[in-house]
Amino acid sequence: MNPKIRIIKEELLSNDWYELKKVTFTKEKSDGTVETQSREAYNRGNGATILLFNRERQTVILTRQFRLPTYVNGNETGLLIEACAGLLDNESPEESILRETEEETGYRVTGLHKIGEAYMSPGSVTEILHFYVAEYLPSMQIGEGGGLAEEHEDIEVLEYPFKQAMDMVKKGDIKDAKTIMLLQYAEINRLIEPVKSQHILIAGPYRSGTNDDPRLIEENVAFMTAIALQVYEAGHLPVLGEWYALPLIEKAGSSKIGDVVFNRIFHPSSIRLLDHCDSVLRVGGPSLGADEMVKIALEKGLTVYSHLDDIPKLK
């Protein structure tokens, strides 16, 4: 704690919705003198917000709902267009925003990217807001959204072209601070640029479920190669980790699947390959190795596709 600041007294003024306190404190000024002040602080907890975007569609997901404070301050309808957001309660920021996203928009997203934190109204409100962005894909929609009835939420889910959303900010149709900050972040960082050809790692079972039967392993590789062809025909550059690893393993003198030489190269080479890929397509059945590729890809901030239809088609 700051030794130049001492809390003398706290008075609870209201605890109806959240806590409103009057705090009396002493504070040492820059000239060394000490003064006593009283301020009110509204404690509603910390929160998180997220901008959902889709590169192929060039769109963003926003919401519209009634906000009483805006109504009593001149907003004739009381309706506000804003990014999905919510309070943390007893969750981590990541857990909270994933739950809120699903409840409010109907999308179960992956690949969260945190872009920062901010005090939204530091003169009177204690809240820190955690900011996130994530790409949404058609396959991620699991419901209609709209919020929870027991929390009296009546949320309309909106999908806007990104350019239109930015125009709405300029025209004053979007006035919510967190939403403006997220949209401006997307614009400055060119988050929603036209889709370009991607280098896509195809991750699927290689040895899983085969008992190391060469015929079954060959079928697994053939399956992933067939998927790779479809990715190529969609305008992207596919790659299998096996295409890199297997020739190296043979050249290094491996005598059988799973020996020391095989294990030294097989998965590590795919992990290295991820540093040169834009995204991962997870295909096929159970595979610990493929799941590890997905986990590492998400940690690296790469897009992970679970359906061919989610991959943007450039041809």
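Residues numbered from 1 in each chain as written. Predicted model: local features only at pLDDT ≥ 70, side-chain atom pairs only at ≥ 80, totals over all residues. Heavy atoms only, no water.

**Here's the deal with the layout of surface pockets**
Where empty space is left can be seen by rolling a probe of water-molecule size over the atoms. What the largest pocket holds in volume is close to 1,500 Å³. In terms of lining, the largest pocket is formed by 34 residues, of which the most central are Trp17, Tyr18, Arg44, Arg67 and Glu82. Contributions of two or more residues to the lining of the largest pocket are made by β5 (59-66), α1 (68-71), β6 (79-82), β7 (84-87), α2 (93-105) and α4 (177-188). Across the lining of the largest pocket, the residue classes break down as 13 nonpolar, seven polar and 14 charged. Both of domain 1 (5-43) and domain 2 (47-189) provide at least three residues apiece to the lining of the largest pocket. (1 Å grid on protein atoms, 1.4 Å probe; cavity = no way out; pocket = protein on both sides within 12 Å on 5 of 7 lines; lining within 4 Å. Points joined across faces, edges and corners; volume = space filled by probe spheres on them. Helix = DSSP H or I, 4+ residues; strand = E, 2+ residues; numbered from the N terminus. Nonpolar A, V, L, I, M, F, W, Y, C, P; charged D, E, K, R; others polar. Domains from an automatic or database assignment.)

**Looking at the nonpolar core**
If you look at soluble globular proteins, the nonpolar side chains tend to sit buried side by side. Grouped together as the largest cluster of nonpolar side chains are 34 residues, with contacts concentrated most on Ile50, Leu52, Tyr107, Val109, Ile202, Val231 and Leu281. Among the secondary structure elements, those contributing two or more residues to this core are β4 (47-54), β9 (128-135), β11 (199-203), α5 (214-233), α6 (241-251) and α7 (260-274). There are two domains that each give this core at least three residues, and those are domain 2 (47-189) and domain 3 (199-310). Discounting chain neighbours no more than four positions away, the residues touching Ile202 are Met224, Ile227, Ala228, Val231, Pro238, Val239, Leu240, Leu281 and Val283. By size, the runner-up hydrophobic cluster in this structure holds 23 residues, among which are Leu51, Phe53, Leu129 and Ala186. (Core = buried A, V, L, I, M, F, W, Y, C linked by side-chain atoms within 4.5 Å. Buried < 20%, exposed > 50% of the residue type's maximum accessible area, 1.4 Å probe, protein only. Contact = heavy atoms within 4.5 Å.)

**What to know about the domain arrangement of the protein**
By the assigned domains, the protein splits into domain 1 (5-43), domain 2 (47-189) and domain 3 (199-310). The gap between the C-alpha centroids of domain 2 and domain 3 is 36 Å. Between domain 2 and domain 3, a total of about 500 Å² is buried, with carbon and sulfur atoms accounting for 49% of that surface. For the pair domain 2 and domain 3, the number of links is zero salt bridges. Counting across the interface, domain 2 meets domain 3 through one residue pair in polar contact (both at pLDDT 80 or more). Here the residues of the side of domain 2 that touches domain 3 are counted per class, giving two nonpolar, three polar and three charged. (Buried area = accessible area lost by both parts, 1.4 Å probe. Salt bridge = Lys/Arg side-chain N within 4 Å of Asp/Glu carboxyl O. Polar contact = N/O pair within 3.5 Å; in protein donor to acceptor, adjacent residues only side chain to side chain.)

**Quick word on the sheet that holds β11**
Taken in spatial order, the four strands of this open sheet run β12-β11-β13-β14, and their pairing is parallel. On the outer flanks of this sheet lie β12 (237-240) and β14 (303-305), each paired with one strand and no other. If you compare each strand with its neighbour and ignore which way they point, the axes differ by 30 degrees on average. As paired elements, β11 and β12 share four bridges and run parallel to each other. Across the sheet, Leu201 pairs through a bridge with Val239, a residue of β12. Relative to β12, α6 is tilted by about 45 degrees, and along the sheet it contacts β11 and β12. Packed onto the sheet, helix α8 (residues 288-299) meets β11, β13 (279-282) and β14 and runs at close to 150 degrees relative to β13. (Pairing = 2+ DSSP bridges. Axes fitted to C-alpha atoms, helices over the stretch in contact; angles between N-to-C directions.)

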